[in-house]
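Spelled out from the first residue to the last, the chains are:
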Amino acid sequence: MTRSRLKMCTLICALLFCSSLVAEGSPWLPVPQTISLSVSRVVQEADQFYRGDTHANLPFGEFNQTTLWFSGKYGLNDKTAIDVQLGTSEVEAGPLGSSDGTQDATVGITRSLLDELETGKFSVSMRLAGTLAGDYDTGQPHSVGDGANSITGSINVGKFLTPNFGVAGEFGLRFSTNDVPSEWFLSAGTNYIVSPYVSAYAQYQLKQSNGDLDIGGTGFTPVGFPEVQENYSRFRTGINLQYQNFSWDVNVHRTLNGRNTADFDIVSMTFTLFVDLFRP
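The rules we used
Residues numbered from 1 in each chain as written. Predicted model: local features only at pLDDT ≥ 70, side-chain atom pairs only at ≥ 80, totals over all residues. Heavy atoms only, no water. Pairing = 2+ DSSP bridges. Helix = DSSP H or I, 4+ residues; strand = E, 2+ residues; numbered from the N terminus. Patch = residues over 30% accessible without salt bridge, like charges linked within 9 Å, V, L, I, M, F, W, Y side chains within 5 Å. Areas by Shrake-Rupley, 256 points an atom, 1.4 Å probe, with all protein chains shown as cover. Salt bridge = Lys/Arg side-chain N within 4 Å of Asp/Glu carboxyl O. Phe/Tyr/Trp six-rings, centres within 6.5 Å; stacked < 30°, edge-to-face > 60°. Buried < 20%, exposed > 50% of the residue type's maximum accessible area, 1.4 Å probe, protein only. Lys NZ or Arg CZ within 6 Å of the ring centre and 35° of its normal.

J.: Tell me about the pairing of strand β7 (residues 105–114), residues and numbers included.
T.: With 6 bridges joining them, strand β5 (residues 80–92) and β7 adopt antiparallel strand pairing. Among the inter-strand pairings, T80 is bridged to a residue of β7, identified as R111. By the bridge criterion, 9 bridges tie β7 to strand β8 (residues 123–132) in an arrangement that is antiparallel. The partner of L114 across the bridge, within β8, is V124.

Here is the structure:
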């Protein structure tokens, strides 16, 4: 396959599932020796939460978290890519006050197992990632994160059913330190390419924790928030605009159900620059 065709296919793939708050990987890898650099602003707002599985108003009124993510992905070769993500976050929680800090940093490697452009069937990749806890206080309702290191592994599957319509899914496991429960997650979504510059997509996301502790339940203490069983299901819709080597992605998440988590409404915007480092 020529490099020009590879680049065209990758730009199409960039329109598909460009930026996600939860989805960890992609079945499609970047063109070898190309890099994408992204800046994302994610705003999460809630005035209700799930105490265990009971839906209730937040006792402190509201929870607002704004996170700025910096991420990059580089194609080492036609079968392997590496990615990195880091950021900062601020939380406002009414009478509880505010908190901020450096977000958890993640480094991942993705290996292509099957490529639909070669086999004519579908694409499959496997991703392994390590996360290092950020610098912030934990054990309170408005903490930036759980304060745990973790290892994540996932399998990603996708296929273009037509030149304009693609589907993709992911299943993964995450294991964390500091008594944070292990969890599994999955996502499944579709994308329609309206034109070479515009794409619209929708995605279902699910995360299930293996913990057995509920907020306010037996054994719960005020510092035990990272140890609770945190589950959620969400639906994400978005649009991606791309021109030459730049893209702009905006999407919204709506929480469908949860356990020991805030009932978030989420808006995310991402700007991405694609750079070809290939030198013949």
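J.: For unusual backbone geometry, give the residues involved together with the corresponding values.
T.: In the Ramachandran plot, D179 falls in the positive-phi region, its phi being about 65° despite a non-glycine side chain. Following the sequence through the fold, D179 ends up in the loop between β10 (165–176) and β11 (183–195). A positive phi angle is found at N260, which is not glycine, with a value near 55°. Mapped onto the elements, N260 comes out in the loop between β14 (246–259) and β15 (265–276).

J.: Account for a nonpolar patch on the surface, naming residues and giving values.
T.: On the surface, V39, L68, F70, V84, L86 and V107 cluster together to form a nonpolar patch covering roughly 460 Å² of accessible area. Those elements that place two or more of their residues in the nonpolar patch are β4 (63–77) and β5. Looking at where V84 falls in the secondary structure, it is placed in strand β5.

J.: Just give me the short version of the environment of S187, but keep the residues and values in it.
T.: Relative to the assigned elements, S187 resides in strand β11. Linking S187 and P27, residues 160 residues apart in sequence, is a C-alpha distance of 12 Å.

J.: Account for the pairing of β4, naming residues and giving values.
T.: Across 12 bridges, the pairing between strand β1 (residues 34–46) and β4 is antiparallel. When the sheet's bridge partners are listed, V39 is paired in β4 with F70. Bridge count between β4 and β5: 13 bridges; the pairing is antiparallel. Residue T66 lies in a different strand from β5, and its bridge partner there is E90. Taking the residues that link successive antiparallel strands as the turn, the β4-β5 hairpin has 2 residues.

J.: Give a detailed account of the packing of aromatic side chains, specifying residues and quantitative values.
T.: Under the counting rule described, the total for this entry stands at 6 aromatic pairs. Ring geometry for F63 and F264: centres 5.5 Å apart, planes at 65°, overall edge-to-face. Placement of the pair is F63 in strand β4 and F264 in the loop between β14 and β15, with a sequence separation of 201 residues. The exposure class assigned to F63 is buried, which follows from its relative accessible area of 6%. Between Y197 and Y243, the ring centres sit 6.3 Å apart and the planes meet at 35°, which makes this aromatic pair tilted. Linking Y197 in the loop between β11 and β12 (198–209) with Y243 in strand β13 (residues 231–243), this pair joins segments that are 46 residues apart in sequence. Classification of Y197 by relative accessible area gives partly exposed; the value is 47%. Residue Y243 is classed as exposed on the basis of its relative accessible area, which comes to 51%. Across from the ring centre of Y232, 3.9 Å away, lies the NZ or CZ of R234, which sits over that ring.

J.: A description of the pattern of salt bridges should follow, citing residues and the corresponding values.
T.: Summed over all chains, the structure comprises 9 salt bridges. Here D214 and R259 are joined by a salt bridge, their closest N and O atoms 2.8 Å apart. Separated by 45 residues along the polypeptide, D214 in the loop between β12 and β13 and R259 in strand β14 bring together distant segments of the chain. The salt bridge involving R254 is made with D263; its shortest N-O contact spans 3.9 Å. With a relative accessible area of 40%, R254 lands in the partly exposed category.

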